[in-house]
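Okay, here's what each chain looks like letter by letter:
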Amino acid sequence: KILKDKGATPTDLEEEVAKALFDIEVSPSSDIKGDLRDVYISSAQDLEVKNRLALIVHVPFRAWKTVRKIQGRLIRELEKK
């Protein structure tokens, strides 16, 4: 679920986010698993905002239309993980 440039290795955080996306995609109770089939991430990073940690996930442009459609449900599922 990670799409990187040639020779670039994914960080531990990116692998963790990709694993969470894959888990959501294969779970039988997920209603967004059909849409997640086309979603890949290009990078992920942590950002501290007001003493809390925010996760920024970068998605390739060609997958953005799908992500925008399921964004609310995807965020809720990722927060559970």
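Look up: the structure comes first, before these words.
Caption draft 1: The arrangement of helix α1 (residues 12-26) in detail. The terminal C-alpha atoms of α1, which comprises 15 residues, lie 21 Å apart, in line with the 21 Å expected from a rise of 1.5 Å per residue. For α1, every residue scored as buried is listed here: Glu14, Val17, Ala18, Ala20, Leu21, Ile24 and Glu25. Taken down its axis, α1 places every buried residue within 155° of arc, on the same side. Along α1, the residues that are exposed and aim more than 90 degrees away from the buried face are Asp12, Glu16 and Lys19. Structurally, α1 contributes buried residues whose contacts are with α2 (33-36), β1 (43-49), β2 (52-58) and α3 (61-80).

Caption draft 2: Representation of the nonpolar core. Among the nonpolar cores identified, the biggest contains eleven residues, and these are Val17, Leu21, Ile24, Ile32, Leu36, Val39, Ile41, Ala44, Val67, Ile70 and Leu74. Contributions of two or more residues to this core are made by α1 and α3. With residues near it in sequence (within four places) discarded, valine 39 still touches Lys1, Ala63, Thr66 and Val67.

Caption draft 3: Here's a closer look at a negative patch on the surface. Taken together, the side chains of Asp12, Glu15, Glu16 and Asp46 present a region of like negative charge at the surface. The dominant element in the negative patch, judged by the number of residues it contributes, is α1, at three residues. Secondary-structure assignment places glutamate 15 in helix α1. Look at glutamate 15 and you get partly exposed, because its relative accessible area is 41%.

Caption draft 4: Main features of the packing of aromatic side chains. Within the structure shown, the criterion is met by zero aromatic pairs. Residue placement shows lysine 1 over the ring face of tyrosine 40; its charged tip is 5.0 Å from the ring centre.

The rules behind these values
Residues numbered from 1 in each chain as written. Predicted model: local features only at pLDDT ≥ 70, side-chain atom pairs only at ≥ 80, totals over all residues. Heavy atoms only, no water. Helix = DSSP H or I, 4+ residues; strand = E, 2+ residues; numbered from the N terminus. Expected span 1.5 Å × (residues − 1). Buried < 20%, exposed > 50% of the residue type's maximum accessible area, 1.4 Å probe, protein only. Arc of directions from axis to C-beta. Contact = heavy atoms within 4.5 Å. Core = buried A, V, L, I, M, F, W, Y, C linked by side-chain atoms within 4.5 Å. Patch = residues over 30% accessible without salt bridge, like charges linked within 9 Å, V, L, I, M, F, W, Y side chains within 5 Å. Areas by Shrake-Rupley, 256 points an atom, 1.4 Å probe, with all protein chains shown as cover. Salt bridge = Lys/Arg side-chain N within 4 Å of Asp/Glu carboxyl O. Lys, Arg positive; Asp, Glu negative; His and termini not counted. Charge placed at Lys NZ, Arg CZ, Asp CG, Glu CD. Phe/Tyr/Trp six-rings, centres within 6.5 Å; stacked < 30°, edge-to-face > 60°. Lys NZ or Arg CZ within 6 Å of the ring centre and 35° of its normal.

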